Amino acid sequence: MRFTYNNIFMNTNDETAWLNTMTKRGLHLVKRLPFTYYFEFVDDLDTEYNYKIVYMHDAIENGASDEEIKNIPDDGSVLVCGYKNKAYYKKAGGVPLIEYNDSNARYTHFLNIWLFYAFLFVASISVFAYHLVFAIRMLLEEKPLPSVPVIAATIIVLICVSVLFAYYGDKVMFWKKKSKEATLLKIQNDQI
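**Student:** What exactly am I supposed to notice about the sheet that holds strand 4 (residues 49-55) here?
**Tutor:** Pairing between the strands of a sheet comes from backbone hydrogen bonds, and it takes one of two forms, parallel or antiparallel. The three strands lie next to each other as 4-6-5, forming an open sheet whose pairing is antiparallel. The outermost strands of the open sheet, each flanked by one partner alone, are strand 4 and strand 5 (78-83). Averaged over all adjacent pairs, the angle separating strand axes in this sheet is 25°, with direction ignored. Relative to strand 6 (residues 86-92), strand 5 runs antiparallel, the two being bridged by five bridges.

Here it is in structure tokens:
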């Protein structure tokens, strides 16, 4: 029997915790789409399952990350599904999963999102500047302002995009730092 749940998460820790609580109810993830999780009921409540989410450099579903998936440490976990560049792994038993966080992949992922919002931010500023200049020109010519709702909507969009731009900018800096630390650690381990 299949169940569908819609949910949104801001970080993978919350998503992983939610998936783990769903398995305690007997619901196991089988497919993932935007904001939608497909679960299948498994009558095995005696076994505890743990999930982990691993970021890859490329998409999972089209096979672009197959080589990278092979390089993940084998700890008995099984790839359940993939969504964009996230791989969802499940492991039976109360033993926690081996942590595999490719900081470089997460950095690239959040950098791409941040660049998208940077483009939206610049576009929003451009549209706002255009409407502002138009409104000032109309005031100087003493004509009525037809674009007041448009300017208000542009300001709201600009504020929303600014918040997302700043949020993902913070994520990019955090994962860039983690990526540098992982690279330095790898260099130190290679020298030993």
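**Student:** Even after reading the chapter, I still don't get the pattern of salt bridges, so can you show me in this structure?
**Tutor:** Any two side chains of opposite charge can pair if their charged atoms end up close together. Taken as a whole, this structure holds four salt bridges when the rule is applied. In this structure, R32 engages E15 in a salt bridge whose closest nitrogen and oxygen atoms are separated by 3.5 Å. Of this pair, R32 sits in strand 2 (residues 27-33) while E15 sits in helix 1 (residues 12-24), and the two are 17 residues apart along the sequence. Accessibility classification places R32 together with E15 in one group, the buried group. Taking the shortest distance from any N to any O, the salt bridge between K143 and E141 comes out at 3.3 Å. According to the relative accessible area criterion, E141 is partly exposed, its value standing at 42%.

**Student:** How should the pairing of strand 2 be read in this particular structure?
**Tutor:** Regular strands place their side chains on alternate faces of the sheet. Note: strand 2 against strand 3 (residues 36-41), six bridges, orientation antiparallel. Bridging across to strand 3, L33 finds its partner in T36. Connecting strand 2 to the antiparallel partner strand 3 that follows it, the hairpin turn spans two residues, and F35 within it adopts a positive phi of roughly 60°.

**Student:** Which parts of the structure should I look at to understand the sheet that holds strand 2?
**Tutor:** Spatial ordering of the open sheet is given by 1-3-2, a layout of three strands whose pairing is antiparallel. Each edge of the sheet is formed by a strand with only one pairing partner; in this case those strands are strand 1 (2-6) and strand 2. Across the sheet, the mean angle separating the axes of adjacent strands is 30° when strand polarity is ignored. In the sheet, strand 1 pairs with strand 3 via five bridges, with the strands oriented antiparallel. In the strand pairing of strand 3, T4 is matched with Y38. This element, helix 1, spans strand 1, strand 2 and strand 3 of the sheet and lies at about 25° to strand 3.

Criteria and cut-off values
- Residues numbered from 1 in each chain as written.
- Predicted model: local features only at pLDDT ≥ 70, side-chain atom pairs only at ≥ 80, totals over all residues.
- Heavy atoms only, no water.
- Pairing = 2+ DSSP bridges.
- Helix = DSSP H or I, 4+ residues; strand = E, 2+ residues; numbered from the N terminus.
- Axes fitted to C-alpha atoms, helices over the stretch in contact; angles between N-to-C directions.
- Salt bridge = Lys/Arg side-chain N within 4 Å of Asp/Glu carboxyl O.
- Buried < 20%, exposed > 50% of the residue type's maximum accessible area, 1.4 Å probe, protein only.
- Contact = heavy atoms within 4.5 Å.

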